[in-house]
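# Results of the structural survey
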Amino acid sequence: MPMGNASTAAAGQSDLLKIEQKGAVLTVGLNRPAKRNALNDGIILAIQDCFSNLPDGTGAVVIHGVGDHFSSGLDLSELTEHDATEGLRHSQMWHRVFDRIQYSRVPVIAALKGAVIGGGLELACAAHIRVAEPSAYFALPEGQRGIFVGGGGSVRLPRLIGVARMIDMMLTGRVYSATEGSSYGFSQYLTEADGALPKALELAERVAANAPLTNFAVLQALPMIAEANPQTGLLMESLMATVAQSDKEAKRRIRAFLDHKTAKVKPT
């Protein structure tokens with residue numbers, strides 16, 4: 001069911017996102033292909049509106065780029081107009097929007113192809129699962145542009161690839177291929193050519209079928225547990241496990257397994 005863009009976005013943002021509901025999966029396409037899906041204020045605010053108004057029944061979201069690229073990052077034509085105060089507020093706006101993705105009530109999967117650079121990489125890092133196809137490449141050209149990451153990249157990306165690798169990217173302009181990216185943590189999946197979006201949709205359908213409370217625990221509790229000291233983390237784990245297993249949906253699924261109505265885990 002095509003939705004055009006997020007439900008309450010301003011008229012000027014109407015063409016910036018291509019949004020479709022496919023069963024329990026909402027697809028969100030960055031729709032500035034002529035600009036390699038560069039991120040301007042309009043598209044960032046449209047993303048905010050989209051994730052603030054997820055349709056009922058949505059169990060997962062797939063973010064992808066319309067055209068040949070995921071996103072070439074910040075639209076630099078807007079940055080030249082900002083003074084220091086405006087630049088600070090602009091960065092914090094990106095933080096708020098990308099937090100909407102990271103702390104979404106449903107899992108978010110990014111399908112990556114072509115340019116995944118600068119702010120586009122920061123956007124991808126806010127997703128929970130990243131799927132890349134061979135055309136994808138990863139870079140942070142901020143060092144060569146005389147700027148610094150401002151969309152949460154300095155917090156999220158080092159947790160995926162390490163501080164040293166991010167320092168190298170920003171200082172030298174190093175570009176990583178999709179194959180390297182899969183090995184180093186930029187993405188969790190590497191597909192064949194043109195396979196990122198189909199694979200992301202396949203994964204989204206799978207995770208949307210999970211128990212909602214389990215998905216909530218994985219998205220919201222697991223990252224906090226991983227950051228906590230061990231004893232606090234173990235206590236949080238016990239509390240979350242207790243809540244999850246007491247849910248009616250969990251009891252129904254366990255009973256189905258015990259009654260041999262669901263398949264056992266097997267290698268694929």
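Just so it is clear, the structure is predicted and the values come from calculations on it, not from any experiment.

## A short note on the sheet that holds strand β1 (residues 17-22)
- Pairing is mixed in the open sheet, where six strands are placed in the order β1-β2-β3-β4-β6-β9. Of all strands in the sheet, those bounded by a partner on one side alone are β1 and β9 (189-190).

## Let's talk about helix α4 (residues 119-126)
- Within α4, eight of the eight residues are buried, leaving the element largely enclosed by the surrounding structure.
- Of all the positions in α4, only Gly119, Gly120, Leu121, Glu122, Leu123, Ala124, Cys125 and Ala126 are classed as buried.

## Topic: unusual backbone geometry
- One non-glycine residue, Arg36, lies in positive phi territory at about 55 degrees.
- Relative to the assigned elements, Arg36 resides in the loop between β2 (25-30) and α1 (41-52).
- Note on Arg36: relative accessible area 34%, which makes it partly exposed.
- Positive phi, normally seen in glycine, also occurs at Asn37, with a value near 55 degrees.
- When you line up the elements, Asn37 lands in the loop between β2 and α1.

## Description of the confidence of the model for the chain
- For the chain, the mean per-residue pLDDT works out to 90, and 92% of the residues sit at or above 70.
- Below a pLDDT of 50 lies the segment residues 1-13, which in the model reaches 29 contacts outside its immediate sequence neighbourhood of four places, other chains included.

## A few points about a nonpolar patch on the surface
- Residues Val163, Ile167 and Leu171 make up a contiguous nonpolar surface patch of about 310 Å² in total accessible area.
- The topology assignment puts Ile167 in helix α7 (residues 163-172).

## Overview of the side chain of His64
- Its location among the elements puts His64 in strand β3 (residues 60-65).
- His64 gets classed as buried once you look at its relative accessible area, which sits at 12%.

## A few points about the sheet that holds strand β5 (residues 115-117)
- A sheet is described by the order of its strands in space; here three strands give the open sequence β5-β7-β8, paired in mixed fashion. Unpaired on one side and paired on the other, β5 and β8 (176-177) mark the two borders of the sheet.
- Where β5 and strand β7 (residues 137-139) come together, three bridges link them in parallel fashion. When the bridges of β7 are listed, Val116 appears paired with Phe138.
- α4 rests against β5 and β7 of the sheet, and its axis sits at about 85 degrees to β5.

## As for the packing of aromatic side chains
- Considering all chains together, one arrives at four aromatic pairs under this definition.
- Taken together, a centroid distance of 5.5 Å and an interplanar angle of 80 degrees make the contact between Tyr176 and Tyr184 edge-to-face.
- Tyr184 gets classed as partly exposed once you look at its relative accessible area, which sits at 32%.
- Ring pairs connect the aromatic residues Phe138, Tyr176, Tyr184 and Phe186, which therefore count as one cluster.
- Above the ring of Tyr184, the side-chain terminus of Arg165 is found at 3.9 Å from the ring centroid.

Quick notes on the rules
Residues numbered from 1 in each chain as written. Predicted model: local features only at pLDDT ≥ 70, side-chain atom pairs only at ≥ 80, totals over all residues. Heavy atoms only, no water. Pairing = 2+ DSSP bridges. Helix = DSSP H or I, 4+ residues; strand = E, 2+ residues; numbered from the N terminus. Buried < 20%, exposed > 50% of the residue type's maximum accessible area, 1.4 Å probe, protein only. pLDDT = per-residue confidence, 0-100. Contact = heavy atoms within 4.5 Å. Patch = residues over 30% accessible without salt bridge, like charges linked within 9 Å, V, L, I, M, F, W, Y side chains within 5 Å. Areas by Shrake-Rupley, 256 points an atom, 1.4 Å probe, with all protein chains shown as cover. Salt bridge = Lys/Arg side-chain N within 4 Å of Asp/Glu carboxyl O. Axes fitted to C-alpha atoms, helices over the stretch in contact; angles between N-to-C directions. Phe/Tyr/Trp six-rings, centres within 6.5 Å; stacked < 30°, edge-to-face > 60°. Lys NZ or Arg CZ within 6 Å of the ring centre and 35° of its normal.

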